[in-house]
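For reference, the chains in residue letters:
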Amino acid sequence: MAIVSTGIPLFAGIEDVDDMFIATMEEMDKEVTDDLPIAHPFWEYMTRHDLVEYREEIATHVPVRRRLHRNPTVQWHSGYDDADSTPAQVLGEVRFPYGHITGRQMYNREELVKNQGSQLIDLVEAKASQAYTDVRDEFATALIGTQDADGRMPLGLGRIMDETATVAGLAPGDDPTWKPDRIYKTGTTDFSLSTEFRDGMRKVYRHASVSAGGRVLGRDKDGKMRFAKHVLLCGEDLYNEHQKWAETAMRLTMAELKDSSGWGDYEMFDFNGKTIIYEPALSAKHGWFLDLDQGVRVRVHSGTNFIWTKWNLLPNKVETKYRDLLCYVSVYSRSRKANKKIVFS
């Protein structure tokens, strides 16, 4: 049986066509893999600002050390009061398992026989488009989802931003700081979107400033200091209010704002040093202000970053080959409280 240089057996009787199909798929991989931005504006922001962590070595999870216990020896004292020598439990650990996404491409001998010549290119494009599109959609859905990390799927942003949710085995009741900072007008009264939009957002930014300050993350390759990044994900009504405000303040149309920001077809734009993003999964009047240093982090195994395995013969099938697209990713948080959540009435 003839084989290609990678050791893959070719289908008998159509070796030339089979070899051409594999070679064409590999050429398309070079073009498409580098052009596999997940169809989600948050992921686009993360990749464009080099905020995705790529690690050559990973474990089953990302460990995050947290101070889960108060030091019991701290006290006010006077004169000869006894000191408290109760041993202090210092650090605990929360763990964020990786999620593992895969998509499989398959083709068989019959398809090659019936799609020779110019039709072979159409077959290659159809196979590639189907796999990439479905992986993109599934990845984007999980990214914004409400699921906790379970060793199969990664933690979703919706879970991080649910102030009632247990994340990585730690509940807000166990640690009151282990939840996003929910912003209210007073008590548990929400701001009104129609009349208090700016008041509500100013309070979000004030709270975010107190949490993050001017936190320096290091220096980039040019020696410039890197500061914590923030994005604001908005439901439709809240995004619309930001759009109206920006258009009024800048005297530019939304098309001009988007064009100047360079975000392409995404419903997102830069304004006052922040990136405002429309997120359809959010309720219309909800906003998530994400701290991309402490509040939300993303880590990918560099050796499994949307890579294809080699073609193999599929057992128990008639003349069928397959390969798998793989990515290992963990979404995690060092401080859920660093993120701010606002819900307008």
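Quick caveat: nothing in here was measured; it's all calculated off a predicted structure.

(A) Fine view of the overall build of the protein. Scanning the protein from N- to C-terminus turns up eight helices and 15 strands. Counting the 345 residues in the protein, one finds 44% classified as buried. Total accessible area computed for the protein in this model is approximately 18500 Å², and 49% of it derives from carbon and sulfur atoms.

(B) Main features of the sheet that holds strand 11 (residues 286-291). In space, the six strands of this open sheet follow the order 5-15-11-8-10-9, with mixed pairing throughout. Edge positions in the sheet fall to strand 5 (181-183) and strand 9 (268-271), since each of these pairs with one other strand and no more. Shown here is a sheet whose adjacent strand axes are inclined to one another by a mean of 20 degrees, direction ignored. In this sheet, strand 11 lies alongside strand 8 (residues 230-234) in antiparallel orientation, the contact comprising five bridges. What sits directly across from C234, in strand 11, is G287.

(C) Summary view of helix 4 (residues 119-143). An ideal rise of 1.5 Å per residue puts 36 Å on 25 residues; helix 4 measures up with 36 Å between its terminal C-alpha atoms. Listed in full, the buried residues belonging to helix 4 are L120, L123, V124, K127, A128, A131, Y132, V135, F139, A140, A142 and L143.

(D) Geometry of the nonpolar core. In terms of nonpolar packing, the biggest core is built from 62 residues, with F42, F96, L157, L233 and L290 touching the most fellow members. Counting residues in hydrophobic clusters, the runner-up holds 18 residues, among them L193, F197, V204 and F269.

(E) Quick look at the packing of aromatic side chains. Considering all chains together, one arrives at twelve aromatic pairs under this definition. Taking 5.9 Å as the distance between ring centres and 70 degrees as the angle between the ring planes, the aromatic pair formed by F11 and Y107 counts as edge-to-face. Here F11 is found in the segment before helix 1 (15-33), whereas its partner Y107 is found in strand 4 (residues 99-108), with 96 residues between them in sequence. Aromatic pair F96 and Y332: ring centres 6.1 Å apart, planes at 50 degrees, arrangement tilted. Highlighted residues: F96 in strand 3 (residues 92-97) and Y332 in strand 14 (residues 320-332), separated in sequence by 236 residues. Overall, the relative accessible area of 0% leaves F96 in the buried class. Through a chain of ring-to-ring contacts, three or more aromatic side chains come together here, namely F11, F21, Y107 and W311.

(F) The arrangement of the pattern of salt bridges in detail. Taken as a whole and assessed by the stated rule, the structure comprises 19 salt bridges. For R95, the salt bridge identified is with E93, shortest N-O distance 2.8 Å. Between E163 and R182 there is a salt bridge whose closest N-O contact spans 3.0 Å. Note that E163 is positioned in the loop between helix 5 (157-160) and strand 5 and R182 in strand 5, a separation of 19 residues in sequence. The class of E163 is buried, set by a relative accessible area of 19%. Shared partners join several salt bridges into a network, and the residues in it are E53, R55, D293, R297 and R299.

(G) Seen up close, the pairing of strand 11. Of all six residues that make up strand 11, five are buried, and the element is covered over most of its length. Pairing analysis gives four bridges linking strand 11 to strand 15 (residues 340-343), with the strands arranged antiparallel. Residue F289 lies in a different strand from strand 15, and its bridge partner there is K340.

(H) Examining helix 7 (residues 236-250) more closely. For helix 7, spanning 15 residues, the distance from its first C-alpha to its last is 21 Å, which sits close to the expected 21 Å at 1.5 Å a residue. Within the span of helix 7, buried status applies to L238, Y239, E241, H242, Q243 and A246. The first or second residue beyond helix 7 is R251, which carries a positive phi of 55 degrees.

(I) Main features of unusual backbone geometry. Of note in this structure, D50 is not a glycine but carries a positive phi near 55 degrees. Assessed through its relative accessible area of 65%, D50 is described here as exposed. Positive phi, normally seen in glycine, also occurs at A168, with a value near 55 degrees.

Rules behind the numbers
Residues numbered from 1 in each chain as written. Predicted model: local features only at pLDDT ≥ 70, side-chain atom pairs only at ≥ 80, totals over all residues. Heavy atoms only, no water. Helix = DSSP H or I, 4+ residues; strand = E, 2+ residues; numbered from the N terminus. Buried < 20%, exposed > 50% of the residue type's maximum accessible area, 1.4 Å probe, protein only. Areas by Shrake-Rupley, 256 points an atom, 1.4 Å probe, with all protein chains shown as cover. Pairing = 2+ DSSP bridges. Axes fitted to C-alpha atoms, helices over the stretch in contact; angles between N-to-C directions. Expected span 1.5 Å × (residues − 1). Core = buried A, V, L, I, M, F, W, Y, C linked by side-chain atoms within 4.5 Å. Phe/Tyr/Trp six-rings, centres within 6.5 Å; stacked < 30°, edge-to-face > 60°. Salt bridge = Lys/Arg side-chain N within 4 Å of Asp/Glu carboxyl O.

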